[in-house]
Amino acid sequence: MQWKTNVSITSAQEETLRAALGEAIALIPGKSESWLMISFEPETHMAFRGRADEPVAFIAVDLYGGAPDAACEKLTARLCELAGKVLGIAADHVYVRYLATDQWGWNGANF
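Draft legend 1. How the structure looks around the pattern of salt bridges. Tallying each qualifying case throughout the model produces seven salt bridges. Between Arg 97 and Asp 62 there is a salt bridge, with its nearest N and O atoms 3.7 Å apart. Of this pair, Arg 97 sits in strand S4 (residues 94-101) while Asp 62 sits in strand S3 (residues 57-64); the two residues are 35 residues apart in sequence, bridging distant segments of the chain. Using a relative accessible area of 32% as the deciding quantity, one classes Arg 97 as partly exposed. Between Arg 78 and Glu 81 there is a salt bridge whose closest N-O contact spans 3.1 Å. One end of the pair is Arg 78 and the other is Glu 81, both in helix H2 (residues 69-87) and three residues apart, which spans about a single turn. Look at Glu 81 and you get partly exposed, because its relative accessible area is 34%. A single network of salt bridges, built from pairs that share partners, joins Glu 14, Glu 15 and Arg 18.

Criteria and thresholds
- Residues numbered from 1 in each chain as written.
- Predicted model: local features only at pLDDT ≥ 70, side-chain atom pairs only at ≥ 80, totals over all residues.
- Heavy atoms only, no water.
- Salt bridge = Lys/Arg side-chain N within 4 Å of Asp/Glu carboxyl O.
- Helix = DSSP H or I, 4+ residues; strand = E, 2+ residues; numbered from the N terminus.
- Buried < 20%, exposed > 50% of the residue type's maximum accessible area, 1.4 Å probe, protein only.

In structure tokens:
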């Protein structure tokens, strides 16, 4: 999971997000924190609706296999909630993208 945002992220905020995302990923059937990789890209130059002066976030969720629409809806709601509570980013300033693939490598081989 990749979080890009134009706001700064403190170490404490990052820890809060990591813990919450470890729990949130379980909203997707068959997914767990034990396979979750997260990257944060704070203070990224971003604009939304032609403006670069408001807090925004782009969250990419790459999945091995797929996920039911209802599960993605629940995860999107949780991600937007976390962006608001932890980073002060309004839900209508967050995009969440889901990509699913059957080709995923780990430990020198593909699943």
